[in-house]
Amino acid sequence: MPRQPLESVRLDDVELAYRVAGDGPELVVLLHGWPQTGECWRHLVGPLSEGRTVVVPDLRGYGASGLARSGAYDKRATAADLGGLVRHLGFTSATVIGHDRGARVAHRWALDRPSEVDALVLLDILPTRVVMNSFDRDSASAMWHWFFHRDPDLAQRLVSGNVEAYLGHFFARVRESGAVDEETFQHYVAAFSDPAHLRASFEDYRTGFTVDLGRDEADHARGVRVRAPLLVLWGAEGGLAGADVVRIWQEHHADPAAVSGRAVPGGHYVPEEAPGETLEAVEAFLKRL
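This is a predicted model, so every value here is computed, not measured.

Remarks on the overall build of the chain
Here comes step 1: The secondary structure content of the chain amounts to 14 helices and eight strands.
Here comes step 2: Taking 2.2 N^0.38 as the reference for a compact globule, 289 residues should give roughly 19 Å; the C-alpha atoms of the chain span a radius of gyration of 17 Å, in line with that estimate.
Here comes step 3: Seen along its three principal axes, the alpha-carbon backbone of the chain occupies a region of about 45 × 45 × 40 Å.
Here comes step 4: Within the chain, buried positions represent 56% of all 289 residues.
Here comes step 5: Considering only intrachain contacts with a sequence separation of at least 6, the fraction spanning at least 24 residues in the chain is 74%.
Here comes step 6: Element-wise, carbon and sulfur atoms account for 51% of the exposed surface of the chain, whose accessible area totals about 11800 Å².
Here comes step 7: Charge separation in the chain, taken as the distance between the mean sites of 30 positive and 41 negative side-chain charges, equals 5 Å.

Shown next as structure tokens:
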């Protein structure tokens with residue numbers, strides 16, 4: 001389908017950019033990860049918008065969205081932006097589908113504002129507290145960039161001017177397979193070539209080790225759990241291939257029977273590596289609700 005025009009809304013702390021497709025009565029919000037923008041959903045927007053309204057924002061500090069005036073990039077603040085966007089569009093709640101960092105925002109959104117999240121789909125993540133509490137030599141080696149990004153000033157100084165080479169490292173396999181074509185890769189490079197936006201994306205990681213982790217641990221300890229029906233999907237050849245993903249998320253849900261999921265072909269970049277399988281799983285999930 002034709003690419004939808006970029007729109008924006010001025011919220012309390014940020015100017016949020018987004019695209020809208022479809023005009024159906026049910027709202028679906030698609031949340032991208034790092035190092036991406038809403039463009040990562042390009043294969044899914046059209047099919048999902050048949051009979052629905054689909055909104056694809058760039059998260060605060062990412063892509064075409066502005067920088068947070070407060071300087072905050074924690075998941076609670078980002079989720080609050082999205083609640084404001086939903087209300088701006090005339091809805092009160094939505095099905096929320098998130099990948100990577102966007103999935104962490106979606107998880108926090110479902111914990112903080114359960115009435116706004118009708119159903120939740122999380123792609124290729126485990127809960128932040130589980131990841132942070134399970135690092136070992138192998139996982140820390142695979143996720144080294146989490147630790148590098150933890151110092152946004154240093155990371156920005158070292159990556160600025162070398163953005164294409166840096167992102168090329170993460171996208172090497174999917175560029176070779178064609179899951180991310182050259183036009184899309186260059187879009188991502190341009191999106192992170194502004195030093196201020198690059199730094200904001202690193203702040204997203206830094207907060208994962210501090211305020212985000214603290215909130216996740218505190219909520220889990222006092223019994224706060226996801227209440228929305230939950231679908232989890234992960235790449236069969238990615239970092240979660242050996243994890244008991246469904247069971248782990250069941251431990252973070254109020255009703256374990258409401259959690260379902262499976263692996264899909266490919267690795268971490270699920271919306272781009274397995275769009276057909278993702279769409280099939282999401283449609284089947286929503287049909288059961």
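After that view, the rundown keeps rolling.
Examining the sheet that holds strand β5 (residues 94-99)
Through backbone hydrogen bonds, the strands of a sheet pair up, either in parallel or in antiparallel fashion.
Here comes step 1: Reading across the sheet, the eight strands line up as β1-β2-β4-β3-β5-β6-β7-β8 and stay open at both edges, with mixed pairing between neighbours. Looking at which strands have only one partner, the edges of the open sheet turn out to be β1 (7-10) and β8 (259-264). The mean angle between the axes of side-by-side strands here comes to 25°, regardless of whether they run parallel or antiparallel.
Here comes step 2: Bridge analysis of strand β3 (residues 26-31) against strand β4 (residues 52-57) gives four bridges, and the strand direction is parallel. In the sheet register, L27 faces β4, and the bridge partner there is T53.
Here comes step 3: Along the sheet, helix α2 (residues 75-88) contacts β1, β2 (15-21), β3, β4 and β5; its crossing angle with β2, the most-contacted strand, is approximately 50°.

Some words on the packing of α2 against helix α3 (residues 101-112)
Here comes step 1: Look at α2 against α3: their axes get within 8 Å of each other, and the N-to-C directions meet at 75°. By the angle between their directions, the pair α2 and α3 is classed as roughly perpendicular. Residues K75, R76, T78, A79, L82, G83 and V86 of α2 form the contact with α3, whose participating residues are R101, R104, V105, R108, W109 and D112.
Here comes step 2: Class assignment of the residues belonging to the contact of α2 with α3 gives a composition of five nonpolar, two polar and six charged.

Thoughts on unusual backbone geometry
Here comes step 1: P35 follows W34 through a cis peptide bond whose omega is 0°.
Here comes step 2: Checked against the element boundaries, P35 lands in the loop between β3 and α1 (45-48).
Here comes step 3: Positive phi values are uncommon outside glycine, yet D100 reaches one of about 60°.
Here comes step 4: Its place among the elements puts D100 in the loop between β5 and α3.
Here comes step 5: Note on D100: relative accessible area 10%, which makes it buried.
Here comes step 6: Of note, D124 is a non-glycine position whose phi angle comes to about 60°, a positive value.
Here comes step 7: You can see D124 is positioned in the loop between β6 (117-123) and α4 (128-132).

Definitions and limits used
- Residues numbered from 1 in each chain as written.
- Predicted model: local features only at pLDDT ≥ 70, side-chain atom pairs only at ≥ 80, totals over all residues.
- Heavy atoms only, no water.
- Helix = DSSP H or I, 4+ residues; strand = E, 2+ residues; numbered from the N terminus.
- Rg over C-alpha atoms; globule rule 2.2 N^0.38 Å.
- Buried < 20%, exposed > 50% of the residue type's maximum accessible area, 1.4 Å probe, protein only.
- Contact = heavy atoms within 4.5 Å.
- Areas by Shrake-Rupley, 256 points an atom, 1.4 Å probe, with all protein chains shown as cover.
- Lys, Arg positive; Asp, Glu negative; His and termini not counted.
- Charge placed at Lys NZ, Arg CZ, Asp CG, Glu CD.
- Pairing = 2+ DSSP bridges.
- Axes fitted to C-alpha atoms, helices over the stretch in contact; angles between N-to-C directions.
- Parallel < 35°, antiparallel > 145°, perpendicular 65-115°, else oblique.
- Nonpolar A, V, L, I, M, F, W, Y, C, P; charged D, E, K, R; others polar.

These figures come from the coordinates and say nothing about function on their own.
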